[in-house]
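# Survey of secondary and tertiary structure
Chain by chain, the residues run as shown.
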Amino acid sequence: MKEATLIPQWEPQAQFAGYYVAQAKGFYVRHGVDMTILRGGPSNPPSKLLTSGKAQFGTMFLATAILERSKGLKLMNIAQFMRGSTVLLVVQKESGITRPEDFDGKKVSLWDKEFSLQPEEFFKKYNVEVTLLPQGFTPDLFLRGGVDAMSAMYYNEYHTLLNTGLDPEDLTVFAMADYGLNFAEDGLYCLESTYRDDPELCHAVAEASIEGWVYAHEHPEETLDIVMERVNAAMLPTNRAHQKWMLERMFENIFPDDNQVPPGPLQSVEFDTVVQSLNRAGMLPRPVSFEEFHVPNR
């Protein structure tokens, strides 16, 4: 049995259900891995823990991992799970914003760095100028009228807005995927040195994680029980209804109805789409090739 540690890119939530299930159901053990899953969050970014050796595996957005690789952290994608974008721009109907051109002159709150990539490309595409403000962890600024629009993940902040009492009819949503900015999101990563030293371990972790997501998809209520154990242990201010919403949105992304590309190796088109956007934004200090960045099927 080989010991390994995984760090998710955020606090315990249904976004990482497949990994929790893989551990709880013994899939990692069946593949010969004694897996520890750490608590993620702002103080424990995967890039930091992989660099220090406190974790051998981490989850990240595709854009985040490409940026880190370009800056010198030799990450490799060993499995891709979210093959589409869940990034939204959300406005209130009363704002009068109904089409991309209506954003001109408006105030918009965005997360920084790679999380602003798609919205900023969106504004360039439609030749609009907006006033950007930093976005925090809550939608309070948006709800108080401090900005006309906010960025949101469909599986998280959008549902949080609905839970404040807003109805879907109160909001207009601009999904970046509908505007030619469909970036793949969560994938599983390790350092190039980790893969070089023990490729069998890396394949075992990837395969067990995929099995975890497949089992989660087939057993959603049991999966929610497993997720809530993590959430409650971390004493996070969330609830089962919100985690259920998040889990269902994750399934929609990871297991689309057409099921053309199941969880597994990163596709070159997914990689190229993000790299081209990062290059247009001038964010890559050095080129990153698909061949050096991903691990193919064995």
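For the structure itself, look to the data block above.
Tallying secondary structure elements over the protein gives 13 helices and 10 strands in all. The C-alpha radius of gyration of the protein comes to 19 Å, within 12% of the 19 Å expected for a compact globule of 298 residues. Principal-axis analysis of the C-alpha atoms gives the protein an extent of 60 × 45 × 40 Å. The proportion of buried residues among the 298 residues of the protein is 54%. In the protein, the share of contacts with a sequence separation of at least 24, taken over all contacts with a separation of at least 6, comes to 79%. Counting every atom, the protein has about 13,400 Å² of accessible surface; 49% of that belongs to carbon and sulfur.

Within the secondary structure layout, Asn156 lies in the loop between β8 (149-153) and α7 (157-163). Not counting residues within four places of it along the chain, the set of residues in contact with Asn156 comprises Gln13, His242 and Met246.

Topologically, Gln13 is positioned in the loop between β1 (2-7) and α1 (17-24). We classify Gln13 as buried; its relative accessible area is 8%. Only 2.7 Å separates the side chain of Gln13 from the side chain of Gln15, close enough to count as a polar contact.

In terms of burial, β8 is a largely internal element, 5 of the 5 residues being buried. The two faces of β8 match: Ala149, Ser151 and Met153 on one face and Met150 and Ala152 on the other face are all buried. In this sheet, β8 lies alongside strand β5 (residues 87-92) in antiparallel orientation, the contact comprising 5 bridges. By the bridge assignment for β8, Val90 is matched with Met150. Note that strand β6 (residues 107-110) and β8 share 2 bridges and pair parallel. In the strand pairing of β8, Val108 is matched with Ala149.

It is worth spelling out the pattern of salt bridges at this point. What the rule picks out here adds up to 16 salt bridges. For Glu11, the salt bridge identified is with Arg39, shortest N-O distance 2.6 Å. Remark: Arg39 occurs in the loop between β2 (33-37) and α3 (46-52) and Glu11 occurs in the loop between β1 and α1; sequence separation between them is 28 residues. When salt bridges that share partners are traced, they join Arg69, Glu192, Arg196, Arg286 and Glu292 into one network.

As summarised here, the arrangement of the 5 strands in space is β7-β6-β8-β5-β9, forming an open sheet in which the pairing is mixed. Two strands in the sheet have a free side with no partner beyond their single neighbour: β7 (131-134) and β9 (171-175). Between one strand axis and the next, the sheet turns through 30° on average, direction left out of account. Relative to β5, helix α5 (residues 117-125) is tilted by about 65°, and along the sheet it contacts β5, β6, β7 and β9.

For the rest of this paragraph, the subject is the environment of Ser277. Among the secondary structure elements, Ser277 is positioned in helix α12 (residues 268-280). Using a relative accessible area of 0% as the deciding quantity, one classes Ser277 as buried. Residues Ser277 and Glu121, spaced 156 residues apart in sequence, show a C-alpha to C-alpha distance of 7.7 Å. For Ser277, the contacting residues outside a window of four places in its chain are Leu117, Glu121 and Phe183.

Residues Phe57, Ile66 and Phe103 are the most contacted members of the largest nonpolar core, which totals 90 residues. At 9 residues, the largest contribution of residues to this core is made by helix α9 (residues 199-218). Within the second largest apolar cluster, 13 residues are counted, among which are Met150, Tyr158, Leu161 and Leu171.

Between its terminal C-alpha atoms α9 stretches 29 Å, which fits the 28 Å expected from 20 residues at 1.5 Å a residue. Within α9 the residues assigned to the buried category are Leu201, Cys202, His203, Ala204, Val205, Ala206, Ala208, Ser209, Gly212, Trp213, Tyr215 and Ala216.

Quick look at the pairing of strand β10 (residues 186-191) now. Most of β10 sits inside the fold, with 6 of its 6 residues counted as buried. Neither face of β10 is open: one carries Asp186, Leu188 and Cys190, the other Gly187, Tyr189 and Leu191, and all of them are buried. Pairing geometry for strand β3 (residues 57-61) and β10, over 4 bridges, is antiparallel. Across the sheet, Gly58 pairs through a bridge with Tyr189, a residue of β10. Bridge count for strand β4 (residues 75-80) against β10 is 5 bridges, and the pairing is antiparallel. Of the residues in β10, the one forming a bridge with Ala79 is Leu188.

This brings us to helix α11 (residues 240-254). Because each turn of an α-helix spans 3.6 residues, side chains separated by three or four positions end up pointing in the same direction. In this model α11 runs 20 Å from its N-terminal to its C-terminal C-alpha over 15 residues, within 8% of the 21 Å that 1.5 Å per residue would give. Turning to α11, its buried residues number three or more, namely His242, Gln243, Trp245, Met246, Leu247, Arg249, Met250, Phe251, Asn253 and Ile254. Buried residues in α11 make contact with α1, α7, β10, α9 and α10 (220-233). The N-capping residue of α11, defined by a side-chain oxygen 3.1 Å from the backbone nitrogen of Ala241, is Asn239.

Okay, the packing of aromatic side chains next. Considering all chains together, one arrives at 21 aromatic pairs under this definition. Above the ring of Trp245, the side-chain terminus of Arg249 is found at 4.3 Å from the ring centroid.

Rules used in this analysis
Residues numbered from 1 in each chain as written. Predicted model: local features only at pLDDT ≥ 70, side-chain atom pairs only at ≥ 80, totals over all residues. Heavy atoms only, no water. Helix = DSSP H or I, 4+ residues; strand = E, 2+ residues; numbered from the N terminus. Rg over C-alpha atoms; globule rule 2.2 N^0.38 Å. Buried < 20%, exposed > 50% of the residue type's maximum accessible area, 1.4 Å probe, protein only. Contact = heavy atoms within 4.5 Å. Areas by Shrake-Rupley, 256 points an atom, 1.4 Å probe, with all protein chains shown as cover. Polar contact = N/O pair within 3.5 Å; in protein donor to acceptor, adjacent residues only side chain to side chain. Pairing = 2+ DSSP bridges. Salt bridge = Lys/Arg side-chain N within 4 Å of Asp/Glu carboxyl O. Axes fitted to C-alpha atoms, helices over the stretch in contact; angles between N-to-C directions. Core = buried A, V, L, I, M, F, W, Y, C linked by side-chain atoms within 4.5 Å. Expected span 1.5 Å × (residues − 1). Phe/Tyr/Trp six-rings, centres within 6.5 Å; stacked < 30°, edge-to-face > 60°. Lys NZ or Arg CZ within 6 Å of the ring centre and 35° of its normal.

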